[in-house]
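# Structural characterization, general
For reference, the chains in residue letters:
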Amino acid sequence: MSNIVKSQSTSAVMNTYGRFPITLVKGKASNVWDDNGQKFLDYTSGIATCNLGHVPDNVHHKVKGQLDTLWHCSNLYDIPPQQELATALTDNSCFDQVFFCNSGAEANEAAIKIAKKYASDSGNVERTEIVTFTNSFHGRTGTTMAATGQKKIHQGFTPLTPGFRYLPLNDFDALTQINDGKTTAVLLELVQGEGGVHPAGLAWVSELAALCKKEDILLILDEIQTGIGRTGTLFAYEQFGIEPDVITSAKALASGLPVGAMLAKEEVAKSFQPGSHGSTFGGNPLVMSAGLATMEAILNEDILHEVREKAEWLRGKLEELKQEFSSIEEIRGLGLLIGIQMTDEVKSWISAFREKEILVLAAGSNVLRILPPLTTPKAELEHFIQSFKQLLMEKEGRVSS
Ligand SMILES: *Cc1c(COP(=O)(O)O)cnc(C)c1O
């Protein structure tokens, strides 16, 4: 080894993330602890992943049971916890079948593949294109990066996977451009998460859904960030009065273990047959047991009702702060996926929150993204609002009352 020349970089891990200067080593419920024992309120939920908080007891219990039994078995055999999670998902949605994988990007890859296969199976061989939206985010693989409507994510990675067109979100006129004879599907986030917390409008979504139905274009929703209770229903589409053909889920589905899922209605699902698609780890028993326990908690413990209540309270308090402080420009979001558009860059706000032992995220340069665990008690939400108010007073040079 001694004659191998090493680079001078400080870490053996590739430099793909702008990391915050703290090291987290433990988590429980809404809290995380760093390597010095300092405790933080985690209002990032591991980027909408730990919706039940960190290390939730029922998930822990179920995974531990599975850990003693069987970790992995190939998809060439029936996997009972996979069947059970698929049933839990289809029993509680408008979909009939589920494909499991390991991440959000992979779930979107599966959705993109099935849309193309559906067009091919329907004899519409000329329909190879998918419409997505400006400022969307669909993942980092070659194809999901191309599906993402953000130039900064494409930069340096040309040639991109062909077949994607980007239209402006919430633009009624743009709907006329969806069907150009080559479109097989529309891929949409009901609330753009990474792209700045921009919700799609109710009327626009229902017109889009009607158009897709009329033109036999598949409506695929990327519910990777909005799903698993985040917006106050199991999936956000339930609040829009529509039935999409396909949705993708990931992030919170297994409470922080790596998972992805693509859910489809029967008519589309049947386009996948043995040999069409696959994954070594997808639907792995250990991760599926975490998913099952997560679904049980979300559906049985009145969590969704509480999310809607907490979200309404938090939204009201944030609107009050907006009235009082000029640093806040706009409050957006749905349920407990909240974006606070500030008048300046949010980097310094994120550091200031960290000084107050609260972790929050950005979504673009001027938007603070707040993702509390769905289980956060009201007292923590009050603490968050008090802390934000103090920061706003300090920033705007006011004396604490
Ligand atoms: C996080 C996210 C993805 C990508 O998920 P990965 O698990 O990182 O591949 C895709 N779409 C949306 C809306 C997301 O929030």
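Located above this text is the structure these notes cover.
The following refers to the structure shown. All figures in this text were calculated on a predicted structure; none of them were measured in a lab.

## Describing helix α9 (residues 285-300)
Given a rise of 1.5 Å per residue, 16 residues ought to cover 22 Å, and the 22 Å separating the end C-alpha atoms of α9 matches this to within 8%. Counting buried positions along α9 yields 13 of 16 residues, so the element is predominantly enclosed. After α9 finishes, the residue aspartate 302 shows a positive phi value of roughly 60°.

## Re the packing of aromatic side chains
If you walk through the whole model with that rule in mind, you get nine aromatic pairs. An angle of 80° between the planes, with centres 5.3 Å apart, marks the rings of phenylalanine 133 and tryptophan 204 as edge-to-face. Pair noted here: phenylalanine 133 is in strand β5 (residues 129-133) and tryptophan 204 is in helix α7 (residues 202-215), with a separation of 71 residues, a long-range link. Residues phenylalanine 133 and tryptophan 204 agree in their burial class; the two are buried. Where tryptophan 349 meets phenylalanine 388, the ring centres are 6.2 Å apart and the plane angle is 85°; that geometry is what we call edge-to-face. Here tryptophan 349 is found in helix α11 (residues 347-355), whereas its partner phenylalanine 388 is found in helix α12 (residues 378-395), with 39 residues between them in sequence.

## Looking at the environment of tryptophan 349
Classification of tryptophan 349 by relative accessible area gives buried; the value is 3%. For the pair tryptophan 349 and valine 367, spaced 18 residues apart in the sequence, the C-alpha separation amounts to 10.0 Å. Ignoring anything within four residues of it in the chain, the contact list for tryptophan 349 reads Ser327, Met342, Asp344, Leu368, Phe388, Leu391, Leu392 and Lys395.

## As for the sheet that holds strand β13 (residues 328-334)
With respect to topology, four strands assemble into an open sheet ordered β13-β14-β17-β16, the strand pairing being antiparallel. If you trace the sheet from one side to the other, it starts and ends with β13 and β16 (361-362), each paired once. Bridge count for strand β14 (residues 337-342) against strand β17 (residues 367-370) is four bridges, and the pairing is antiparallel. Bridge pairing in β17 places glutamine 341 opposite valine 367. Strands in contact with α11 are β14, β16 and β17; relative to β17, the strand with the most contacts, it is inclined by about 40°. Packing of α12 onto the sheet brings it into contact with β13, β14 and β17, and relative to β14 it is tilted by some 10°.

About the cut-offs
Residues numbered from 1 in each chain as written. Predicted model: local features only at pLDDT ≥ 70, side-chain atom pairs only at ≥ 80, totals over all residues. Heavy atoms only, no water. Helix = DSSP H or I, 4+ residues; strand = E, 2+ residues; numbered from the N terminus. Expected span 1.5 Å × (residues − 1). Buried < 20%, exposed > 50% of the residue type's maximum accessible area, 1.4 Å probe, protein only. Phe/Tyr/Trp six-rings, centres within 6.5 Å; stacked < 30°, edge-to-face > 60°. Contact = heavy atoms within 4.5 Å. Pairing = 2+ DSSP bridges. Axes fitted to C-alpha atoms, helices over the stretch in contact; angles between N-to-C directions.

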